[in-house]
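Understanding the architecture of this molecule
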Protein chains: 2
Amino acid sequence: MKKIYTGKTKDVYELDDKTVLLKFKDDVTGKDGVFDPGENQVGLQIEGAGRAALAMTQFFYEKLNALGLNTHYVSADLDKNEAVVKKAIVFGKGAEVIVRYRAVGSFIRRYGDYIESGTEIPTYVEVTLKDDVKGDPLITKDALALLGIMSEESYEELADLAKKIGDVVKEELAKKGLELYDIKFEFGLIDGKVALIDEISGGNMRAYKGDEYILPLELEKILLG
Amino acid sequence: MKKIYTGKTKDVYELDDKTVLLKFKDDVTGKDGVFDPGENQVGLQIEGAGRAALAMTQFFYEKLNALGLNTHYVSADLDKNEAVVKKAIVFGKGAEVIVRYRAVGSFIRRYGDYIESGTEIPTYVEVTLKDDVKGDPLITKDALALLGIMSEESYEELADLAKKIGDVVKEELAKKGLELYDIKFEFGLIDGKVALIDEISGGNMRAYKGDEYILPLELEKILLG
């Protein structure tokens, strides 16, 4: 198997011209030893983090596929920390899609003069470019089209799909008494259609139980345990 | 006359319930003594800068009003460095609207991985919040509506008006052999309709003659001299 990408939390191997293998690692993003899903650097290693991320990924993607929402997911092997997914064309050098239900994190860092941290908001979708040096800059629909990163049609498709998928995750968390504040997705094109790619794990979302922030591994336990 | 606002490049006095007086100063924005229209701090004083800014403001606003484009402008007195304008309700704590014709400045600081500095682009409009501490964050149409800063209808009205006004400035510069790279506007609501407010001066735009950047005072001389 040829390794084609070494990521922060997983590596990617080529299987054939249509599919790749994702190998989940025990690295999580954060800073100074504290987990932060918004951080770009690997901050610490947590034993079992890779397996937990994959278990949540499997849990959600199987639901999404069953609901007919377009994703790259084919199958997962929890014993090997591996998943098989369809190849996708990423937007530009990678774009991140954030679905927000409460104003926290970078939304407050940008717009904190206009809204109190933690305020419930109508479902809001925004796109940032993966660019560690430039601090993942926010980008508008118009600029995405102008720069040839994403057509306006793909943007609309993506925003709609992101909200639907966000709502599925929110509902599953709610069943366990948890509240989803925000979640970060990545999308790509598979056969010209927008599809969810990458993992869905605790490291990509902020979940709370009342006022208490739930750490990714804890979240996996509550959801799947 | 009651002073109601002390700005970086001008002060504002109340005249009556419908109009205010703008008093232009000789301060310009920049850093370390170098003029930069994108900077938020007053970097230097240039004698005659206030009068030059007002002369350009008068020049453009009289054209815009004659074209039926909605503005706050009533009249100007060049000898006193003063203009009379209609009162407007600003969006939130002030929003800046940038119309871009070439990719330079903060567009490159954000998206420089996707486009070479100086590249011609289809007319592009974006909105940033006036917030010196947070570095004037970019904001999407959706977030403006969500935060109650600007309705979607006002946004569309504003984007359309900004392009039209940008094009007027671009054409006037072209008549003198200059090219407009980008321009920063401020808009407000007057009687519920979106209107251009604030000055239109060299300090709010980047103009080039071939490869040479034209300083604000030089620009005023070329345009009006």
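The model shown is predicted, which means the values in this text are computed figures rather than measured ones. (Residues numbered from 1 in each chain as written. Chains lettered and ligands numbered in written order. Predicted model: local features only at pLDDT ≥ 70, side-chain atom pairs only at ≥ 80, totals over all residues. Heavy atoms only, no water.)

Contact residues are listed per partner, giving 28 residues for chain A and 29 residues for chain B. Both faces considered, chain A and chain B share a buried interface measuring about 2500 Å² in area, 66% of it formed by carbon and sulfur atoms. If you look at where chain A meets chain B, you find two salt bridges. Measuring nitrogen to oxygen at the nearest pair gives 3.3 Å for the salt bridge that ties Lys134 of chain B to Asp113 of chain A. Linking chain A to chain B there are 10 residue pairs in polar contact (both at pLDDT 80 or more). When grouped by side-chain class, the residues that make up the side of chain A that touches chain B number 17 nonpolar, four polar and seven charged. (Contact = heavy atoms within 4.5 Å. Buried area = accessible area lost by both parts, 1.4 Å probe. Salt bridge = Lys/Arg side-chain N within 4 Å of Asp/Glu carboxyl O. Polar contact = N/O pair within 3.5 Å; in protein donor to acceptor, adjacent residues only side chain to side chain. Nonpolar A, V, L, I, M, F, W, Y, C, P; charged D, E, K, R; others polar.)

Turning to helix α1 (residues 49-66) of chain B, a few remarks are in order. Residues and elements named next belong to chain B. Between its first and last C-alpha atoms α1 spans 26 Å; for 18 residues at 1.5 Å apiece the expected length is 26 Å, and the two agree. Within the span of α1, buried status applies to Ala49, Gly50, Ala52, Ala53, Leu54, Ala55, Met56, Thr57, Gln58, Phe60, Tyr61 and Leu64. One or two positions beyond α1, positive phi appears at Gly68, with a value near 80°. (Helix = DSSP H or I, 4+ residues; strand = E, 2+ residues; numbered from the N terminus. Expected span 1.5 Å × (residues − 1). Buried < 20%, exposed > 50% of the residue type's maximum accessible area, 1.4 Å probe, protein only.)

Let us now look at the pairing of strand β10 (residues 95-102) of chain A. Residues and elements named next belong to chain A. The element β10 is largely enclosed, with a buried count of eight among its eight residues. As paired strands, β10 and strand β11 (residues 120-129) are joined by seven bridges and run antiparallel to one another. In the sheet register, Ile98 faces β11, and the bridge partner there is Glu126. (Pairing = 2+ DSSP bridges.)

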